[in-house]
2 protein chains.
Amino acid sequence: MITLSEENYLKAILSINLETKNIVSTNEIAGVLNTSPASVSEMIKKLEEKNLVNYEKYKGVSLSKSGEKLALEILRKHRLWETFLVNKLEFSWSEVHDVAEQLEHVKSKKLTNKLDHFLNYPKFDPHGEPIPSKNGIISPTKRVLLSEVPIKTKGIIMGVSTDESEFLDYLTQLNFKIGSKIKILDIILFDKSMKIQIGDKIEQISEEVTNNIHIKIIE
Amino acid sequence: MITLSEENYLKAILSINLETKNIVSTNEIAGVLNTSPASVSEMIKKLEEKNLVNYEKYKGVSLSKSGEKLALEILRKHRLWETFLVNKLEFSWSEVHDVAEQLEHVKSKKLTNKLDHFLNYPKFDPHGEPIPSKNGIISPTKRVLLSEVPIKTKGIIMGVSTDESEFLDYLTQLNFKIGSKIKILDIILFDKSMKIQIGDKIEQISEEVTNNIHIKIIE
DNA sequence: AATTATATTTAGGCATCCCTAAATAAATGT
DNA sequence: ACATTTATTTAGGGATGCCTAAATATAATT
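Everything quoted here is computed from the prediction, not taken from an experiment.

1. Thoughts on the nonpolar core
Judged by nonpolar contacts, the single largest core of 34 residues is most densely connected at Phe84 of chain A together with Phe84 of chain B. Elements with a minimum of two residues in this core: helix H4 (65-87), helix H5 (96-103) and helix H6 (109-118) of chain A together with helix H4 (65-87), helix H5 (96-103) and helix H6 (109-118) of chain B. Setting aside residues no more than four positions away along its own chain, phenylalanine 84 of chain B makes contact with Phe84 and Phe118 of chain A together with Leu89, Leu115, Phe118 and Leu119 of chain B.

2. Quick notes on the protein's contact with DNA strand C
Lining the immediate surroundings of DNA strand C are 22 residues, of which Ser41, Tyr55 and Lys57 of chain A together with Thr3 and Ser39 of chain B lie closest. Within the backbone of tyrosine 58 of chain A, one N or O atom sits 3.1 Å away from a phosphate oxygen of DNA strand C. The backbone of serine 36 of chain B places a nitrogen or oxygen atom 3.0 Å from a phosphate oxygen of DNA strand C. Those elements that provide at least two residues to the surface near DNA strand C are helix H2 (26-33) and helix H3 (37-49) of chain A together with helix H1 (4-19) and helix H3 (37-49) of chain B. For the surface near DNA strand C, the element with the highest residue contribution is H3 of chain B, accounting for five residues.

3. Structural notes on unusual backbone geometry
A positive phi angle, close to 70°, is found at asparagine 175 of chain A, a residue other than glycine. A relative accessible area of 42% means that asparagine 175 of chain A is categorised as partly exposed. Its identity as a non-glycine residue notwithstanding, asparagine 34 of chain B has a phi of 55°, on the positive side. The residue asparagine 34 of chain B is located in the loop between helix H2 (26-33) and H3 in this model. Its relative accessible area of 71% is what places asparagine 34 of chain B among the exposed residues.

4. What to know about the relation of the copies chain A and chain B
The transform that puts chain A on chain B rotates by 180° and translates by 0.0 Å along the axis, for an RMSD of 0.2 Å. When the rotation and shift are considered jointly, the pair of chain copies conforms to a two-fold rotation axis. Considering only C-alpha atoms, the residue of chain A closest to the rotation axis is leucine 103 of chain A, which sits at 3.6 Å. In this assembly, 100% of the residues forming the interface of chain A have copies in chain B that are likewise at the interface, indicating an isologous arrangement.

Rules used throughout
Residues numbered from 1 in each chain as written. Chains lettered and ligands numbered in written order. Predicted model: local features only at pLDDT ≥ 70, side-chain atom pairs only at ≥ 80, totals over all residues. Heavy atoms only, no water. Core = buried A, V, L, I, M, F, W, Y, C linked by side-chain atoms within 4.5 Å. Buried < 20%, exposed > 50% of the residue type's maximum accessible area, 1.4 Å probe, protein only. Helix = DSSP H or I, 4+ residues; strand = E, 2+ residues; numbered from the N terminus. Contact = heavy atoms within 4.5 Å. Near = heavy atom within 4 Å. Polar contact = N/O pair within 3.5 Å; in protein donor to acceptor, adjacent residues only side chain to side chain. Least-squares fit on C-alpha atoms with pLDDT ≥ 70 in both.

Structure, rendered in structure tokens:
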């Protein structure tokens, strides 16, 4: 049996190595999980005994095949639940994380797959992050930062790179949602702010904001 | 903060005193939770310190106001999730219990209330048990055992009194569901089995079965 | 290459929640 | 009422998962 804590460690390792390299340090894990490095060392040993990670003292950790499989299942559940909360229960983006963090630990393959079906097999969660499939395949998206595209670009908002709720609330206010179609009408050279068309509105947003929005270019 | 274990104890105490009297013994709790009486004594003391139960050594336990409130919230969540699983995800009766047992511990008032709304404020769960309201009111149903009603009675199936999956599966096979309308066509004096009309079918069921089905008489 | 700084691990402890065995209180039978 | 049975509590211990402080390995600096 795998414990809740162990699941959180696997998830943390996966999420670190999705954004950076394959080998993860004790310190990074401690940072993500808000625990002490000492606790991490301890837990890593337990995970190694269960063959969920590969580990060499002082050299860092990587997920084993079965560890990665488990971690992807948790990530899948997390993102499916987030999708459920936003699409079905009308939660807003900024509220779903903590709840999904709890729901992701519910153990029932049947539940996960029925939920997937109920949601109509979504490929992306409300933050635009890909949802791993039943077999653990995570479709990579080629996304760019909104701040990096040229004038006249059309694209679909795919996600954000921060979870700060002030930021997310601001986006909600602007009506910027995952899947929203936007067009860059103008880029102000002086401060790199952008005039953006969304629906039939035009919004002016700063570089601080465009720097945190990912889009998929469609034209 | 209340722990998962504490929640399970509160829930156990509530469920025992819903079916029997108000004061619950250590042994009964141990029975429900599959733990040793010694562990129960220990935990009860912790719950008393948190003012969640009233307790006198050797005299048994009862829920305090705040303990009852918490227990009702957990029961509410359990029954809402069961309803969700059956009505939305197409689980069958007999499968939902273990999953709901996990989901009931997810902490988010907002989630519970949005789920309630999403399900259209159900009053009864798929087993026919009443769902406590937001303010902890649990609508009592005057139900009778199917085995106790006279011939020609019409009623609605409201629930069952056992969770054995063989029994539940048999009911599914007979197409006996919560809310199903039935009519007693005949009662065989010899073995008290009943001829029952359900939909446009007629089924013959034994006293062992009628003894475990609750109905609400409508005629 | 040696020293200093940083990262990681080990050691020793604490809280939670479980256990068995022994002690004690309450209930029951005669 | 007293002895016996049953219920409950106390005592002592184990696993998990966390902590701080100390020890040790690795990385960085000069």
